[in-house]
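Working through the structure, step by step
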Amino acid sequence: MVFDAPPATSTAHAWMPSSPCGPGCLDSIDEIGSARVVARLAGVAGLLLSFPVANAVAPRGRRASLQCGYAHLLLGCLGMRLRIVDNRGAVDERGVVDEGDAAFVPAGFGTGVGGALVVTGHIGWTDIVALASVQPLGFVARADMVDWPLIGKLARLMRVIPIERESLRQLPGVVAAVGARLAAGDRIGVFPEGTTWCGRAYGTMRPALFQAAVDTGTPVQPVRLRYLDRHGVPCTVPGFVGVDTFASSARRVLRSRGMVAEVVLEPVQQPGDDRRELARRCEAAIRGTASSHRGAAEATEWIEAGHTRVQDPSVAADAPEVRRPRRRPVLRGRRTAAAQ
């Protein structure tokens, strides 16, 4: 089956990224009828089945545009529109390009010359579709994805670099593989948080994978990715968190109405020679005004979760005043059922 993905069963190490996000983070959203869900699912299945054949027969010089087109169609079959906000320079007077615009031309990642390391926060499996709709790129993804039915074949075609999050010993090899691809001029997408978050809370960007950009002198493209409902309000429906399975997540996305995947391209960062400093710069670029949540919202308390900070959902956003305790409570991040 297309959406029948096995759960991860490996034992985690003490430094494995974890997220306390769970079912309570997920929003309800306007849903479409069953007939439209079936039509969307048929469209997704058709694209997944036809892509390997189309990619094989297409001339090598046209495969990039073919892959981007397929990803864009797949995003549409999932019920999402694509919006690109380019903060690197004016795309139009608003700095916004929407696929509904008459002159819709997706912007590309990086500087347009050579490779680029594309970094963003991780919300769910739809992140890969949204980013690939902007420009084809490879990804660092969970190693068992290559074993998934149908999707595994696509992962191999996209030359996914597998990572075992549970194994620290394999991390240097992954960094070396990313570096080799960057040196060859590829664009590689990575999710430095190391696991998925709901889209409102977020984790720290780990510096390890940034070493590949430092080693090869490759520019880094920070991307702020979020999902909006049909009213333009950020929503967590695509979040792949907690006890979610791939099937339940896909079902929720396919039933959604009017969602927008917004990809914000922040100014490209030069790698420098310090991966930790580079990770901090990229995290600041990606969080943008969201970084002010750490101290600006008087009605917001924060929970410490290992190396991460998350908003406490028990504190109402419209509370008149909440005094911060001297010591924040500690909540150990609960590992997701699948290594996302």
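Preceding this section is the structure that the text describes.
Definitions and limits used
- Starting afresh in each chain, residues are numbered from 1 along the sequence in its written order.
- Selection of residues for local features in this predicted model requires a pLDDT of at least 70, selection of side-chain atom pairs for listing and counting requires 80 or more, and totals for whole chains, interfaces and linings are taken over all residues.
- Calculation of side-chain values draws on the structure's entire complement of heavy atoms; hydrogens and water are dropped beforehand.
- Note on method: axes are straight lines fitted to C-alpha atoms, helices fitted across the in-contact stretch only, with angles between N-to-C directions ranging 0 to 180 degrees.
- Under the scheme used here, helices are H or I runs from DSSP no shorter than 4 residues and strands are E runs no shorter than 2 residues, and both carry numbers assigned from the N terminus.
- Small angles under 35 degrees read as roughly parallel and large ones over 145 as roughly antiparallel, with 65 to 115 read as roughly perpendicular and the rest as oblique.
- Two helices that cross are described as forming a left-handed crossing if the nearer one is turned anticlockwise from the farther one by less than a right angle, and a right-handed crossing if clockwise.
- Contacts are assigned to residue pairs that have any heavy atoms within 4.5 Å of one another.
- Here the nonpolar group is Ala, Val, Leu, Ile, Met, Phe, Trp, Tyr, Cys and Pro; Asp, Glu, Lys and Arg are the charged ones; every other residue, Gly included, is treated as polar.
- Any helix carries an expected span of 1.5 Å times its number of residues minus one.
- Think of it in three bands: residues with accessible area under 20% of the maximum for their type are buried, residues over 50% are exposed, and the middle band is partly exposed, with areas taken using a 1.4 Å probe on protein chains only.
- Think of it this way: a Phe, Tyr or Trp ring, Trp meaning its six-membered ring, pairs with another when their centres are within 6.5 Å, and the plane angle makes it stacked under 30 degrees, edge-to-face over 60, tilted otherwise.

1. Considering the packing of helix α2 (residues 63–77) against helix α3 (residues 126–134)
With their axes 7 Å apart at the nearest point, α2 and α3 run at an angle of 135° to one another. Taken together, the axis directions place α2 and α3 in an arrangement best described as oblique. Where α2 crosses over α3, the two elements pack in a sense that is left-handed. Contact with α2, carried on its side by Cys68, Ala71, His72, Leu74 and Leu75, involves Val129, Ala130, Ala132, Ser133 and Val134 of α3 and no other residues of that element. Here the contact of α2 with α3 is composed, by residue class, of eight nonpolar, two polar and no charged.

2. A word on α2
Quick reminder: α-helices carry 3.6 residues per turn. Residues three or four places apart thus point the same way. Taking 1.5 Å of rise per residue, the 15 residues of α2 would be expected to cover 21 Å, and the 21 Å separating its terminal C-alpha atoms lies within 8% of that figure. For α2, the full list of buried residues reads Cys68, Tyr70, Ala71, Leu74, Leu75 and Cys77. On its buried face, α2 sits against α1 (34–57), β1 (80–86), α3, α7 (246–255) and β8 (259–265). Just beyond α2, the residue with positive phi is glycine 79, at close to 85°.

3. A word on the packing of aromatic side chains
With the rule as written, the count across this model stands at four aromatic pairs. Centre to centre, the rings of tryptophan 125 and phenylalanine 246 are 5.0 Å apart; their planes meet at 55°, and the pair counts as tilted. In this pair, tryptophan 125 sits in the loop between β3 (116–120) and α3 while phenylalanine 246 sits in helix α7, placing the two residues 121 residues apart along the sequence. We classify phenylalanine 246 as buried; its relative accessible area is 4%. A centroid spacing of 6.3 Å and a plane angle of 5° characterise the contact between phenylalanine 139 and phenylalanine 191, whose relative ring orientation is stacked. Of this pair, phenylalanine 139 sits in strand β4 (residues 138–142) while phenylalanine 191 is found in the loop between β6 (187–190) and α6 (211–216), placing the two residues 52 residues apart along the sequence. By relative accessible area, which is 1% here, phenylalanine 139 ends up buried. Overall, phenylalanine 191 belongs to the buried group, its relative accessible area being 10%. Chaining the aromatic ring pairs together yields one cluster made of Trp125, Phe240 and Phe246.

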